[in-house]
Amino acid sequence: MPLYLKNNTINEFHKKTVESFQNRPFLYFVDEDPISYSEYEQRVELLRKFLIQSGLKKGDRVSILGPASPNWAISFMAVMTAGMVSVPIMEDFPIADIEHIISDSGSRACMIDPGIMKRYNMETLADLSLFSLKDFSKLQDLDMPYNKEDASIFLKDPSESDCEPDEHFCYTTSPEDIAELLYTSGTTGHSKAVLLTHNNLVTNLYEGTDLIDACFDENTILLSLLPMAHSYGSTSAFLSIMYKGPRICFLKRKPTPEYLQKVLGSVKPTVLGGVPLIFEKIYQKKILPIINGNRFLKKSMIFPPFRKLFHYIAGRSILQFFGGKIKCIIIGGATFSKSVETFMKEGKIPYVLGYGLTETSPLLTFSSLKNARFGSVGHAVRNTGIRIVNKDSDNIGEIEVTGPQIMKGYYKKPEETAAVFSEDGWFQTGDRGFLDKDGYLYIKGRSKNVIVGNSGENIYPEVIETLLNSYPAIEESLVFMKDETLQALVYPGNYESDKNITAELEEIRRDINKRLPSASRLNILQLQEKEFIKTPTKKIKRAFYIDNY
């Protein structure tokens, strides 16, 4: 159940959580000893002191630029509990985007990985107060004057910018103050900045983990595989997890398959969070080669009893690959392949799907392990409304939502903010889907990606792409309409085969068309020789490949 807080602020949440779990181990790197919740709180307070002594005030923006780590988590909490505004930045963003975010946000300080600072000569850092994410040492003094009017945009009551911090170096915050300025990893142009309040974050952080409460106790370990500069990583895979009092383990470097296998065997996590792509690649690299390499096995998979038995046996192997202790895998961020979900369900691999957006803090739907439904991203979380408007003949329509987690708006973009809200105040997600009779949501794809077929039918490219990506020969794909012809670009990755790739793609095209409705059948599969250009959250930047996207 949610914590009882006097105010829905990150500061109140932080204090209450630390009081509950003081002596438990909390944050650590692989192969290192964890710090406790009380040690974590001490470091958060010390960093707040450093920030305020550097001349930072309530409402000031502080960028955080570096890979996920214990110190990233400490920085994130220190900034928000101090009454300032965190500005997480994906370290994989192009340098031009990073500089745009630092400048556009009006950041007066930056917590930065020293390696990134050495790699790039960023002019936008010249006047900022800089702290090392490695050890919080001061890298540069602040040389930017305080602008009270600018900071007041982020406060419910601008007069509070004149207040003094308390003995714990915290400015008084209200639930409607901005806690986080989070830039979306958009597929076109510069990212938009989403204004998320303390109330947005606090009301949302309970929603997922309360539904899988049985997965958490004093021995729970979450292995962090997600970028913390993304809403899924910072809210759902940090704040929501912290609320239950487990340990959170961080990787020391990017997860190659070999390194990840070693880490999983060492850490033995009980909870994992990740995007569908992670689990689709595991299925594609570990399970499909076994099936396709044995003619008898491949033919036998059409018989449900045999398929279920094989999936169950293979599922035991995958659970051992994950360390042998998994209680729950939390999956979100994109559509999920039906073939992979079938494998996980029949393989008895415990998983739940969730759905949300940066603009919704992020979680909108979730479910318990017991009540999860195949193909669904769950039901609405507490105090959240979901409706489907402008439905087509299949009852699929635009998904609109309302609830306490909905953003305050886009920073400095009033027209774009107004455009994403309906006349009666519901947020328009930009996704299409449908609700079943019990309120479970099923996602079909992004509204802007929908292709109108030659006979007026709606074609959902994500559905076709998910099917294409289930073939071992295809690493990733992009479906689009050109000259009234439905076609796909496909990237084979490092796939090796004795077959001619052109001939194999033609075999795949004929096979997949048997599985698709007539309007969605592909006319052309075209080879994409280089990996697609993607956002840091691994979504293909469609505008680079589709004319007039």
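Predicted model only: the values in this text are computed from it and were never measured.

### As for the pattern of salt bridges
Here comes step 1: Tallied over the full model, the rule gives 30 salt bridges.
Here comes step 2: For arginine 387, the salt bridge is made with aspartate 424, and the minimal N-O distance between the two is 2.9 Å. Of this pair, arginine 387 sits in strand S18 (residues 385-389) while aspartate 424 is found in the loop between helix H15 (414-419) and strand S21 (427-435), placing the two residues 37 residues apart along the sequence.
Here comes step 3: Arginine 387 gets classed as partly exposed once you look at its relative accessible area, which sits at 24%.
Here comes step 4: A residue is classified by how much of its surface remains accessible, and aspartate 424, at 48% relative accessible area, is partly exposed.

### Digging into the sheet that holds strand S16 (residues 363-366)
Here comes step 1: Taking strand neighbours across the sheet as the criterion, the three strands line up as S15-S16-S17 in an open arrangement whose pairing is antiparallel. Two strands close off the open sheet at either side, each with one partner strand: strand S15 (355-356) and strand S17 (379-380).
Here comes step 2: Direction of pairing for S16 relative to S17: antiparallel, over a ladder of two bridges. Across the sheet, the residue bridging to phenylalanine 366 is histidine 379, located in S17.

### Considerations on the side chain of glutamate 476
Here comes step 1: Along the chain, glutamate 476 turns up in strand S25 (residues 476-482).
Here comes step 2: Classification of glutamate 476 as buried rests on a relative accessible area of 11%.
Here comes step 3: A polar side-chain atom of glutamate 476 sits 3.3 Å from a polar atom in the side chain of lysine 534.
Here comes step 4: Every residue in contact with glutamate 476, bar those within four places of it in the chain, is listed here: Asn469, Leu489, Val490, Tyr491, Glu531, Phe532 and Lys534.

### A word on the pairing of S21
Here comes step 1: Relative to S21, strand S19 (residues 397-402) runs antiparallel, the two sharing four bridges. Looking at S21, one finds that glutamate 398 is bridged to arginine 432.
Here comes step 2: With five bridges connecting them, S21 and strand S22 (residues 441-446) associate as antiparallel partners. Its bridge partner being in S22, arginine 432 is matched across the sheet by glycine 445.
Here comes step 3: Connecting the antiparallel pair S21 and S22 is a turn made up of five residues, with glycine 439 showing a positive phi of about 85°.

### Re the environment of glutamine 22
Here comes step 1: By the element assignment, glutamine 22 lies in the loop between helix H1 (10-20) and strand S1 (25-29).
Here comes step 2: Through-space distance from the C-alpha of glutamine 22 to that of leucine 516 is 55 Å; in sequence the pair is 494 residues apart.

### Things to note about the sheet that holds strand S10 (residues 221-224)
Here comes step 1: Spatial strand order, S2-S1-S11-S10-S12-S13-S14: seven strands in an open sheet with mixed pairing. Edge strands, defined here as strands with exactly one partner in the open sheet, are strand S2 (35-36) and strand S14 (351-353).

### With respect to the layout of surface pockets
Here comes step 1: Roughly 1100 Å³ of volume is contained in the second largest pocket.
Here comes step 2: Lining the second largest pocket are 29 residues, and of these Leu288, Asn292, Lys298, Tyr471 and Pro472 sit closest to its centre.
Here comes step 3: Listed by contribution, the elements that provide at least two residues to the lining of the second largest pocket are helix H11 (276-292), helix H12 (295-300), helix H13 (304-321), helix H14 (338-346) and helix H17 (501-513).
Here comes step 4: At seven residues, H11 tops the list of elements feeding residues into the lining of the second largest pocket.
Here comes step 5: Of the residues that constitute the lining of the second largest pocket, the class distribution is 11 nonpolar, eight polar and 10 charged.

### Section: a nonpolar patch on the surface
Here comes step 1: On the surface, a cluster of nonpolar side chains totalling about 310 Å² of accessible area is made up of Leu309, Tyr312 and Ile313.
Here comes step 2: Within the fold, tyrosine 312 resides in helix H13.
Here comes step 3: Classification of tyrosine 312 by relative accessible area gives partly exposed; the value is 39%.

### Description of the nonpolar core
Here comes step 1: In terms of nonpolar packing, the biggest core is built from 101 residues, with Leu27, Tyr40 and Phe238 touching the most fellow members.
Here comes step 2: The dominant element in this core, judged by the number of residues it contributes, is helix H3 (residues 70-81), at eight residues.
Here comes step 3: For leucine 27, the contacting residues outside a window of four places in its chain are Pro34, Ile35, Tyr40, Pro70, Ala73, Ile74, Phe238, Ile248 and Phe250.

### Quick notes on the packing of H1 against H3
Here comes step 1: Between H1 and H3, the least distance of the axes is 8 Å, while the angle of their chain directions is 125°. Accordingly, the angle class assigned to the pair H1 and H3 is oblique. When you trace H1 past H3, the crossing you get is left-handed. Counted together, Ile10, Asn11, Phe13 and His14 of H1 and Met77, Met80 and Thr81 of H3 form the full contact between these two elements.
Here comes step 2: When grouped by side-chain class, the residues that make up the contact of H1 with H3 number four nonpolar, three polar and no charged.

### Some details on helix H9 (residues 231-242)
Here comes step 1: Burial within H9 is extensive, with 12 of its 12 residues counted as buried.
Here comes step 2: Those residues of H9 that sit buried are Ser231, Tyr232, Gly233, Ser234, Thr235, Ser236, Ala237, Phe238, Leu239, Ser240, Ile241 and Met242.

### Side note on the packing of aromatic side chains
Here comes step 1: Overall, the coordinates contain 15 aromatic pairs when judged by the stated rule.
Here comes step 2: Between tyrosine 206 and tyrosine 243 the ring centres are 4.9 Å apart and the planes differ by 70°, which places this aromatic pair in the edge-to-face class. Placement of the pair is tyrosine 206 in the loop between helix H7 (198-205) and helix H8 (207-211) and tyrosine 243 in the loop between H9 and strand S11 (247-250), with a sequence separation of 37 residues.
Here comes step 3: Where phenylalanine 296 meets phenylalanine 306, the ring centres are 6.1 Å apart and the plane angle is 85°; that geometry is what we call edge-to-face. Here phenylalanine 306 lies in helix H13 and phenylalanine 296 lies in helix H12, a separation of 10 residues in the sequence.
Here comes step 4: Phenylalanine 296 sits in the exposed class, given a relative accessible area of 59%.

Cut-offs applied
Residues numbered from 1 in each chain as written. Predicted model: local features only at pLDDT ≥ 70, side-chain atom pairs only at ≥ 80, totals over all residues. Heavy atoms only, no water. Salt bridge = Lys/Arg side-chain N within 4 Å of Asp/Glu carboxyl O. Helix = DSSP H or I, 4+ residues; strand = E, 2+ residues; numbered from the N terminus. Buried < 20%, exposed > 50% of the residue type's maximum accessible area, 1.4 Å probe, protein only. Pairing = 2+ DSSP bridges. Polar contact = N/O pair within 3.5 Å; in protein donor to acceptor, adjacent residues only side chain to side chain. Contact = heavy atoms within 4.5 Å. 1 Å grid on protein atoms, 1.4 Å probe; cavity = no way out; pocket = protein on both sides within 12 Å on 5 of 7 lines; lining within 4 Å. Points joined across faces, edges and corners; volume = space filled by probe spheres on them. Nonpolar A, V, L, I, M, F, W, Y, C, P; charged D, E, K, R; others polar. Patch = residues over 30% accessible without salt bridge, like charges linked within 9 Å, V, L, I, M, F, W, Y side chains within 5 Å. Areas by Shrake-Rupley, 256 points an atom, 1.4 Å probe, with all protein chains shown as cover. Core = buried A, V, L, I, M, F, W, Y, C linked by side-chain atoms within 4.5 Å. Axes fitted to C-alpha atoms, helices over the stretch in contact; angles between N-to-C directions. Parallel < 35°, antiparallel > 145°, perpendicular 65-115°, else oblique. Left-handed = near helix turned anticlockwise from the far one by under 90°. Phe/Tyr/Trp six-rings, centres within 6.5 Å; stacked < 30°, edge-to-face > 60°.

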